[in-house]
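Remarks on the overall topology
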Amino acid sequence: DAAAVAGDASLLAQARDHLDQVLTGNDAFLARFAAAADQFDEAPSWWTRLTTRADDQPLDLKKLGTFPIVHGMRAMALRHHVREAGTAERIRALVAQHQLDEPLGRDLLEALHYLMGLKLRQQMRQRAAGQQPGNLVRPSDLSTMDRDQLKDAMAIVGRLRALLRQRFHLGSL
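Conventions and cut-offs
Note on numbering: residues in each chain are counted from 1, in written sequence order. Restriction of local features to residues with pLDDT of at least 70 applies here, the model being predicted, together with a cutoff of 80 or more for giving and counting side-chain atom pairs; totals for whole chains, interfaces and linings are based on all residues. Heavy atoms from the whole structure form the basis of all side-chain values; hydrogens and water molecules are not counted. Numbering goes from the N terminus for both helices and strands, where a helix is a DSSP run of H or I of at least four residues and a strand is a run of E of at least two. Note on exposure labels: buried denotes an accessible area under 20% of the residue type's maximum, exposed denotes more than 50%, and partly exposed covers the range between, all computed with a 1.4 Å probe on protein chains only. Between two residues, a contact is recorded if the distance between any of their heavy atoms is within 4.5 Å. By convention a nonpolar core is built from buried Ala, Val, Leu, Ile, Met, Phe, Trp, Tyr and Cys residues, the set being connected through side-chain atoms within 4.5 Å. Salt bridges are identified by distance alone: a Lys or Arg side-chain nitrogen within 4 Å of an Asp or Glu carboxyl oxygen.

Quick word on the overall build of the chain
From N to C terminus, the chain includes 7 helices and 2 strands. Put simply, the chain runs from its N terminus to its C terminus through helices and strands in the order α-α-α-β-α-α-α-β-α. Projected onto the principal axes, the alpha-carbon positions of the chain cover approximately 55 × 40 × 25 Å. Of all 173 residues assigned to the chain, the portion counted as buried reaches 36%. For the chain, long-range pairs separated by at least 24 residues make up 67% of all intrachain contacts whose partners lie at least 6 apart in sequence.

Structural data, given as structure tokens:
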């Protein structure tokens, strides 16, 4: 995610070239790096499932939504030598290299933008209510449209997590 802002920009290019060399064929490192995108699980504990309606269980939009997309694209970018720094640019580059299929790339962009917007709206509501802004949202507090879109976005994140598990052989870690 680095960008040269002063000095000799060729030093950053050299560092990236070296990183590409070190990581080429280093599947164990790449798998461990990618595993972070799959570390958070939305499944609540058995007690919570028994005592709480599913839509009352708060979801962490960052851990369960934006982080898997952002970090998953970082991992794929490292594996395929994509140098774009932003997640949207990485997705586009991976689609262009045929490392990510176009429909999933489009869905990931839409899900990322939706989740970021939902988080921002939620934090603005929290701030207006005098609360500390955070990443948690209760689906029961959302409109029907937002709940449906959140469900769709989380399904897209689930597809990405499954792809990462397959591509990086995360089941063998």
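Having seen it, we continue.
Comments concerning the nonpolar core
Counting 41 residues, the largest nonpolar core has Leu-100, Leu-108, Leu-150 and Phe-168 as its most contacted members. Of all elements in the fold, only helix H2 (27–35), helix H4 (61–79), helix H5 (87–96), helix H6 (102–128) and helix H7 (144–167) reach the threshold of two or more residues within this core.

Description of the pattern of salt bridges
Evaluated as defined, the whole model comprises 8 salt bridges. As a salt-bridge pair, Asp-38 and Arg-165 come within 2.8 Å of each other at their nearest N and O atoms. Residue Asp-38 is located in the loop between H2 and helix H3 (46–51), and its partner Arg-165 is located in helix H7; the two are separated by 127 residues in the primary sequence. In this structure Arg-165 comes out as partly exposed when scored by relative accessible area, which is 36%. Between Asp-146 and Arg-121 there is a salt bridge, with its nearest N and O atoms 3.2 Å apart. Here Asp-146 is found in helix H7, whereas its partner Arg-121 is found in helix H6, with 25 residues between them in sequence. Classification of Arg-121 by relative accessible area gives partly exposed; the value is 33%. Each of Asp-17, Asp-20 and Arg-83 takes part in salt bridges that share partners, so that together they form one network.

Side note on unusual backbone geometry
The general pattern is negative phi for most residues beyond glycine and trans for most peptide bonds. Unlike most non-glycine residues, His-98 shows phi in positive territory, near 65°. For His-98, a relative accessible area of 72% puts it in the exposed group. For His-169, which is not a glycine, the phi torsion comes out positive at approximately 50°. Tracing the backbone shows His-169 in the segment after H7. Residue classification places His-169 among the exposed residues on the basis of a relative accessible area of 52%.

Shape descriptors only; they carry no functional weight alone.
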